[in-house]
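Structure assessment
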Amino acid sequence: MQADTVRGHLDTLLLAVVEDAPTHGYGISEELRRRSDEALALPEGTLYPALHRLERQGLLASDWETVAGRRRRVYRLTRKGQRALGVKRREWQEFVTAVQSVLGGRAWPEPS
Amino acid sequence: MARTELIARYLAAVEQRLAGEPLDRDRMLAELAGHLDDAIDQRVAAGMAEDEAVRAAVAGLGTHDELLAAVRANDDEGRRIMAFTRWTGVAGLVAVPLAVAGTVAWNWYVAMLALALAAAAIVGILAAHWRSSRRFVAAALGVCVAGNLAAATATVGQDSALRAVGVPALLTLTALLIVGYAMLRAGVLPTAAVALVLVGVTILLGVNTALYVADREPPLLAGLGGILAVTGWVWLNGALASRRRDLHPAAA
């Protein structure tokens, strides 16, 4: 998938990954890759500026913690982040429904 | 090459590339270093040779340009400051004709108004510097020093009233012309607005000089010129809004 396409939904994806458990940056990138079956691949370094922005916006909080014997910045979802994620999920569902309605029920061509 | 040396080299290059960017550099570098450690360990555990694992982990982080673009795209505070700087830049441009008029008319109030607007412009420039680029403040400070020296030299032997008004007004004028040029180059101000103000300055200078030589009162016209410049800017600001862009093209 194109990196630009992923970037448009990056905030939602990051909030969703952190929702289940507090995670550090590398864990977040791995979880993104795993859940999407490698389809969502961004340059991993570009996640950090987005994480920092979400923290400035109060949607994430972070602290230095020791993970597997190493010092890592661990991110967790705030209450405000939970509310924002709920809104983004609804918006996404509405978007998918609307696009699906337009595209119709045709079978998708098999990738060659 | 040892793993730690490769990581240190990569992080040094990142640090150099992000110099001048508004971010907590130490935190970013510490997180990237931790990320690389984890990524390398996982690859080595999967059977990859360590050198190859280091190269793959570094490649996975993305290029320096991609990282820089991400930093800028996520700098929402920086964008707000750029908007503030843009408007204080407008104040600075308006100060130019006022400074010229105040100097030519020897009008203390007009010169003071020009100085107040110029002060707003300098604050905006300093804010932009604090969060973004060192070039603006370097230009402003350099020109302030040079302008002050030039103005003081040019008014040696003149009476005290001229020195009191003329020195700060000339200082303002020279500083803002250079800073305005720098902002124009950076894409903060649209060309047409700058051209309008420069044309206004030229007309004001001519009219005021002619009136002064004819021994008539020019301050009213000077004030009128200032209002004209502001009105013109407001109109152009709306008309050209889509042509403006932030200092950071990647964030546009």
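Preceding this paragraph is the structure being described.
Predicted model only: the values in this text are computed from it and were never measured.

1. Focus: empty space enclosed by the protein
Following the criterion strictly, the structure yields 3 cavities of 30 Å³ or more and no others. Estimated volume of the second largest cavity: approximately 60 Å³. For the lining of the second largest cavity, the secondary structure elements donating two or more residues are helix H3 (25-35) and strand S3 (70-77) of chain A together with helix H2 (25-45) of chain B. Its residues assigned to classes, the lining of the second largest cavity shows 4 nonpolar, 4 polar and 4 charged.

2. So, the interface of chain B and chain A
Taken together, the 23 residues of chain B in the interface contact 24 residues of chain A. The largest contributions to the chain B side of the interface with chain A come from Arg27, His35 and Asn74 of chain B, which together make up 31% of the buried area. Remark: the boundary between chain B and chain A carries 4 salt bridges. Residue Arg70 of chain A is joined to Asp38 of chain B by a salt bridge in which the shortest nitrogen-to-oxygen separation is 3.2 Å. Across the chain B-chain A interface, the total number found is 18 residue pairs in polar contact (both at pLDDT 80 or more). Listed by contribution, the elements that provide at least two residues to the side of chain B that touches chain A are H2, helix H3 (50-61) and helix H4 (64-73) of chain B.

3. Things to note about the pairing of S3 of chain A
All names here are of chain A. As judged from the 2 bridges shared by strand S1 (residues 23-24) and S3, these two strands associate in the antiparallel manner. Directly across from Thr23, in S3, lies its bridge partner Tyr75. Examined bridge by bridge, strand S2 (residues 60-67) and S3 share 8 bridges and lie antiparallel to one another. The residue bridging Thr66 from the neighbouring strand is Arg71, located in S3. If you look at the hairpin formed by S2 and S3, you'll find 2 residues sitting between the two strands, and Ala68 has a positive phi there, around 50 degrees.

4. Remarks on the pattern of salt bridges
Residues and elements named next belong to chain A. Taken as a whole and judged by the stated rule, the model has 14 salt bridges over all chains. For Arg33, the salt bridge goes to Glu30, with nearest N and O atoms at 3.5 Å. On the criterion of helical spacing, the pair formed by Arg33 and Glu30 is a turn pair, its members being 3 residues apart in helix H3. Classification of Glu30 by relative accessible area gives partly exposed; the value is 22%. Salt bridges here are not isolated pairs; linked through shared partners, they connect Asp20, Glu31, Arg34 and Arg35.

About the thresholds
- Residues numbered from 1 in each chain as written.
- Chains lettered and ligands numbered in written order.
- Predicted model: local features only at pLDDT ≥ 70, side-chain atom pairs only at ≥ 80, totals over all residues.
- Heavy atoms only, no water.
- 1 Å grid on protein atoms, 1.4 Å probe; cavity = no way out; pocket = protein on both sides within 12 Å on 5 of 7 lines; lining within 4 Å.
- Points joined across faces, edges and corners; volume = space filled by probe spheres on them.
- Helix = DSSP H or I, 4+ residues; strand = E, 2+ residues; numbered from the N terminus.
- Nonpolar A, V, L, I, M, F, W, Y, C, P; charged D, E, K, R; others polar.
- Contact = heavy atoms within 4.5 Å.
- Buried area = accessible area lost by both parts, 1.4 Å probe.
- Salt bridge = Lys/Arg side-chain N within 4 Å of Asp/Glu carboxyl O.
- Polar contact = N/O pair within 3.5 Å; in protein donor to acceptor, adjacent residues only side chain to side chain.
- Pairing = 2+ DSSP bridges.
- Buried < 20%, exposed > 50% of the residue type's maximum accessible area, 1.4 Å probe, protein only.

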